Amino acid sequence: GAVVSQHPSRVICKSGTSVKIECRSLDFQATTMFWYRQFPKQSLMLMATSNEGSKATYEQGVEKDKFLINHASLTLSTLTVTSAHPEDSSFYICSARDNRGLDEQFFGPGTRLTVL
Amino acid sequence: GESVGLHLPTLSVQEGDNSIINCAYSNSASDYFIWYKQESGKGPQFIIDIRSNMDKRQGQRVTVLLNKTVKHLSLQIAATQPGDSAVYFCAENNYGQNFVFGPGTRLSVLP
């Protein structure tokens, strides 16, 4: 149990285009999901906390108008990178917290974004 | 041995030896800690967790030690295997807030 999926697993896009990444909790409900970004050989950096039915909470330095988050249901959160640029190329990872009150976060497999 | 610098700290161990990966956490109020394993190109995978009311917890081949006095966490892997090669992150959590990840340590298992 406690599986989180991400789609797509890998995406290559042209500079200036927008890319949507989906994060799904497959066998549990998650009011709260998290989006992380990870650059090569670095740790995971929290970008934002996604809350079902309300606005996401962004970490300092993360542009909310560039990284649009929509948490429309208890099993789905989406991250849209708008007007992507090469510096946005990174590994994007989501995690979800089970509504049953477990502290652990369950991570998705990640999405590799390359902006040309 | 360990190396720290511009690159991710790396710990190299012989297959069959025990590994000890260390982590210093930042928030003395953190009450929950997790060790994650991340293989190249994949998301983090849960290994073991520990709460602040404990100082040791054992799993299968892994042990986590918590020293709250010096805000130090360690992960011990017994009889290290090639499949253990990965980057290991510690993560701290403060009463249900988001997790904060450490910088990570790359474990390299030598044949």
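Here is what the cut-offs are and how they apply
Residues numbered from 1 in each chain as written. Chains lettered and ligands numbered in written order. Predicted model: local features only at pLDDT ≥ 70, side-chain atom pairs only at ≥ 80, totals over all residues. Heavy atoms only, no water. Phe/Tyr/Trp six-rings, centres within 6.5 Å; stacked < 30°, edge-to-face > 60°. Helix = DSSP H or I, 4+ residues; strand = E, 2+ residues; numbered from the N terminus. Buried < 20%, exposed > 50% of the residue type's maximum accessible area, 1.4 Å probe, protein only. Contact = heavy atoms within 4.5 Å. Buried area = accessible area lost by both parts, 1.4 Å probe. Polar contact = N/O pair within 3.5 Å; in protein donor to acceptor, adjacent residues only side chain to side chain. Pairing = 2+ DSSP bridges. Axes fitted to C-alpha atoms, helices over the stretch in contact; angles between N-to-C directions. Salt bridge = Lys/Arg side-chain N within 4 Å of Asp/Glu carboxyl O. Core = buried A, V, L, I, M, F, W, Y, C linked by side-chain atoms within 4.5 Å.

> What is the right way to read the packing of aromatic side chains from this model?
Considering all chains together, one arrives at 10 aromatic pairs over all chains under this definition. A ring pair is formed by A:Tyr36 and B:Phe101, whose centres lie 5.5 Å apart and whose planes are at 85°; its orientation type is edge-to-face. One end of the pair, A:Tyr36, is in strand β4 (residues 32-38); the other, B:Phe101, is in strand β10 (residues 100-101), on a second chain. A residue is classified by how much of its surface remains accessible, and B:Phe101, at 11% relative accessible area, is buried. Judged by centre distance (4.5 Å) and plane angle (55°), the rings of B:Tyr25 and B:Phe33 are tilted. Comparing B:Tyr25 with B:Phe33 shows no difference in burial state: the two are buried. An aromatic cluster of at least three residues, connected via ring pairs, comprises A:Tyr36, A:Phe107, B:Tyr36, B:Phe89 and B:Phe101.

> I'm lost on the interface of chain A and chain B in this one. Help?
Between chain A and chain B, the contact holds 17 residues from the first and 21 residues from the second. Where chain A abuts chain B, roughly 1,500 Å² becomes buried across the two surfaces, and 54% of that area is made up of carbon and sulfur atoms. The largest contributions to the chain A side of the interface with chain B come from A:Lys41, A:Asp103 and A:Glu104, which together make up 34% of the buried area. The interface formed by chain A and chain B contains 4 residue pairs in polar contact (both at pLDDT 80 or more). Of all elements in the fold, only β4, β9 (90-97) and β10 (105-107) of chain A reach the threshold of two or more residues within the side of chain A that touches chain B.

> Looking at this model, I keep getting lost on the sheet that holds strand β8 (residues 72-77) of chain B. Mind explaining?
The strands that make up a sheet pair up through hydrogen bonds in the backbone, lying either parallel or antiparallel. All names here are of chain B. Read from one edge to the other, the open sheet built from 4 strands follows the order β3-β8-β7-β6, with strand pairing classed as antiparallel. Here the strands that pair on one side only, and so sit at the sheet edges, are β3 (19-24) and β6 (56-58). Taken pair by pair, the neighbouring strands of this sheet meet at an average axis angle of 15°, ignoring direction. Two elements, strand β7 (residues 62-67) and β8, share 6 bridges in a ladder whose sense is antiparallel. By the bridge assignment, Thr63 is partnered in β8 with Gln76.

> I tried to follow the pattern of salt bridges on my own but got confused; where do I start?
Any two side chains of opposite charge can pair if their charged atoms end up close together. Under the counting rule described, the total for this entry stands at 7 salt bridges over all chains. Two residues, A:Arg100 and A:Asp98, come together in a salt bridge whose shortest N-O distance is 2.6 Å. On the basis of relative accessibility, which here comes to 3%, the residue A:Asp98 falls in the buried class. The closest approach of N and O atoms between B:Lys42 and B:Glu39, which form a salt bridge, is 3.3 Å. One connected set of salt bridges, linked through shared partners, spans B:Lys37, B:Glu39 and B:Lys42.

> Help me understand the nonpolar core in this model?
The nonpolar side chains of soluble globular proteins are, as a tendency, buried together. Judged by nonpolar contacts, the single largest core of 25 residues is most densely connected at A:Val4, A:Trp35, A:Phe67, A:Leu79, A:Tyr92 and A:Leu113. Every element with two or more residues in this core is listed here: β2 (10-13), β3 (19-25), β4, β5 (45-51), β7 (67-73), β8 (76-81), β9 and β11 (111-115) of chain A. Setting aside residues up to four positions removed in sequence, A:Leu79 forms contacts with A:Val19, A:Lys20, A:Ile21, A:Trp35, A:Phe67, A:Leu68, A:Ile69 and A:Tyr92. B:Leu66, B:Ile77, B:Cys90 and B:Val109 belong to the second-largest nonpolar core, a separate cluster that totals 20 residues.

> Please clarify how the pairing of β4(A) should be interpreted in this entry.
Remark: a regular strand shows side chains that alternate across the two faces of the sheet. Residues and elements named next belong to chain A. By the criterion of burial, β4 is predominantly enclosed, with 7 of the 7 residues buried. Sheet topology note: the β4/β5 ladder contains 6 bridges and is antiparallel. When the sheet's bridge partners are listed, Tyr36 is paired in β5 with Leu46. Where β4 folds back on β5, the antiparallel hairpin that results is connected by 6 residues, among which Lys41 adopts a positive phi of roughly 60°. Inspection of the sheet shows β4 paired to β9 by 7 bridges, in the antiparallel sense. Pairing of Trp35 across the sheet is with Cys94, part of β9.

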